[in-house]
Amino acid sequence: ALEPLSVGLAIGVASALTGYLSHPSFYCSYVECCPSAGKRLNATALKVQLNTKLFGQHLAKDVVLKAVMGFSNNPSPKKPLTLSLHGWAGTGKNFLSQILAEQVHPAGLRSKFVHLFLATLHFPYHDQLNLYKEQLQNWIRGNVSACPHSVFIFDEMDKMHPGLIDAIKPFLDYYEQVDGVSYREAIFIFLSNAGGDLINKAALDFWTSGKQREEIQLKDLEAMLSVGAFNNKNSGLWHSSLIDRNLIDYFVPFLPLEHKHVKMCIRAEMIARGYAVDEEVVQAVADEMTFFPKEQKIYSDKGCKTVQAKLDIHEDV
């Protein structure tokens, strides 16, 4: 038979070990955990990531940095942060949303607390609109219940069925709770090509008038984007209550990229592949890109979207 002292000691050791292993600091070093309520984003780290990885988007950098840091530093936000990113393909919308997601959850898009929806993949059939609405509400409700700091990214908003996104309106509104769940610490990001033409025209107008693109301010484009998305049947936000009720905090414009920005993308991709930057290769890849308008050829019509594929051809060099 075991001595009472031995049994007591064994139980004590087992209890202490169990307590240590279950402590959040130990457990969360091996299993992804939802950030604690008091955790704040690192403004310096976010700024460095945006400055070193996102090219030619002074407006988007400035607006998103200020919006996210203000939201993160607010101990009691009145609603979730909601951003709508607009611009042509290849200008950095997906890139920025990934950087932001990684600052909230280090695993980024691989995190179980970051949720990416693609309109053409997750909501393909118009005749199942009501089913999609119910599924979307249940998914968001369940995930925010598990982690209040969840991030939801809706890509291809310009291909989303009109009316579908309004299903999440209660979660974006100024409610303390909805059915016992608070959504105030979540982040919602919409990505859309809609409004790209309006942004490009405004950028070209600035160029024509002799102004620098860095002089373009949010006030020059945001109202135009909001009205354009509301009235565009292909925006996914057509006649949306999210706009009507002012539930989207910022409409963020992504400007068309110039030659110098495309070259920055090429250099960054070469470095990411472990290559030494060769300016002859940079120029050769840039020369294979197409630019608009036809006469001036100022802006890349695909942004940096095809840089990786173009660089593949020059790998032997």
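Basis of the calculations
Residues numbered from 1 in each chain as written. Predicted model: local features only at pLDDT ≥ 70, side-chain atom pairs only at ≥ 80, totals over all residues. Heavy atoms only, no water. Helix = DSSP H or I, 4+ residues; strand = E, 2+ residues; numbered from the N terminus. Buried < 20%, exposed > 50% of the residue type's maximum accessible area, 1.4 Å probe, protein only. Contact = heavy atoms within 4.5 Å. Areas by Shrake-Rupley, 256 points an atom, 1.4 Å probe, with all protein chains shown as cover. Domains from an automatic or database assignment. Buried area = accessible area lost by both parts, 1.4 Å probe. Core = buried A, V, L, I, M, F, W, Y, C linked by side-chain atoms within 4.5 Å. UniProt positions renumbered as here; feature names shortened; annotations may be inferred. 1 Å grid on protein atoms, 1.4 Å probe; cavity = no way out; pocket = protein on both sides within 12 Å on 5 of 7 lines; lining within 4 Å. Phe/Tyr/Trp six-rings, centres within 6.5 Å; stacked < 30°, edge-to-face > 60°. Lys NZ or Arg CZ within 6 Å of the ring centre and 35° of its normal.

Participant: Help me out: how do you make sense of the overall build of the chain in this one?
Facilitator: When helices and strands are tallied, the chain shows 14 helices and seven strands. Structurally, the chain occupies a C-alpha span of about 95 × 50 × 35 Å along its principal axes. Looking at the chain as a whole, 44% of its 317 residues qualify as buried. Of all intrachain contacts in the chain linking residues separated by at least 6 positions in sequence, the fraction that spans at least 24 positions is 75%. Here the chain displays about 16400 Å² of accessible surface, and carbon together with sulfur accounts for 55% of that area.

Participant: Sorry if this is basic, but what is going on with the domain arrangement of the chain here?
Facilitator: It is common to give the size of an interface as the accessible area that goes away when the parts come together. Here the domain parsing of the chain yields domain 1 (43–254) and domain 2 (258–314). Using only C-alpha atoms to locate each centre, domain 1 and domain 2 end up separated by 27 Å. The interface is formed by 10 residues belonging to domain 1 together with 15 residues belonging to domain 2. When domain 1 packs against domain 2, close to 1100 Å² is buried across both sides, 71% of that on carbon and sulfur atoms.

Participant: Is there a simple way to explain the nonpolar core in this structure?
Facilitator: Burial of nonpolar side chains together is a common tendency in soluble globular proteins. Counting 71 residues, the largest nonpolar core has Ile 140, Phe 154, Ile 165, Ile 168, Phe 188 and Phe 190 as the members making the most contacts within it. The element best represented in this core is helix 4 (residues 58–73), accounting for nine residues. Counting the residues that make up this core, at least three belong to each of domain 1 (43–254) and domain 2 (258–314). Apart from residues lying up to four places away in sequence, Phe 188 is in contact with Pro 80, Leu 81, Thr 82, Leu 83, Ile 140, Phe 152, Phe 154, Ile 168, Phe 171 and Leu 172. In terms of nonpolar packing, the next biggest core, distinct from the first, is built from 15 residues, Val 262, Val 281, Val 282 and Cys 304 among them.

Participant: Would you take a moment to explain the UniProt feature "binding site: ATP" (unreviewed entry) in the chain for this structure?
Facilitator: Cross-referencing UniProt, the feature "binding site: ATP" (unreviewed entry) maps to Gly 87, Trp 88, Ala 89, Gly 90, Thr 91, Gly 92, Lys 93 and Asn 94 in the present numbering. The subset of the named residues that lines the largest pocket consists of Ala 89, Gly 90, Thr 91, Gly 92, Lys 93 and Asn 94. Inspection of the secondary structure puts Gly 87 in the loop between strand 1 (81–86) and helix 5 (93–104). A relative accessible area of 0% places Gly 87 in the buried class. The residues contacting Gly 87, other than those within four sequence positions of it, are Lys 93, Ser 192, Asn 193, Ala 194, Gly 196, Ile 199 and Phe 254. Residue placement: Ala 89 occurs in the loop between strand 1 and helix 5. Judged by its relative accessible area of 27%, Ala 89 falls in the partly exposed class. Each residue touching Ala 89, except ones within four places of it in the same chain, is listed here: Asn 193, Lys 302, Gly 303 and Lys 305.

Participant: Even after reading the chapter, I still don't get the packing of aromatic side chains, so can you show me in this structure?
Facilitator: Geometry of an aromatic ring pair is reported as the spacing of the ring centres plus the angle between the planes. On inspection of all chains with the given rule, the structure shows eight aromatic pairs. With centroids separated by 5.7 Å and ring planes inclined at 50 degrees, the aromatic side chains of Phe 292 and Tyr 299 adopt a geometry described as tilted. An aromatic cluster is present here, built from Phe 117, Phe 123, Tyr 132, Phe 154 and Phe 190 joined pairwise through their rings. Positioned above the aromatic ring of Phe 206, the side-chain terminus of Lys 211 is 5.0 Å from the ring centre.

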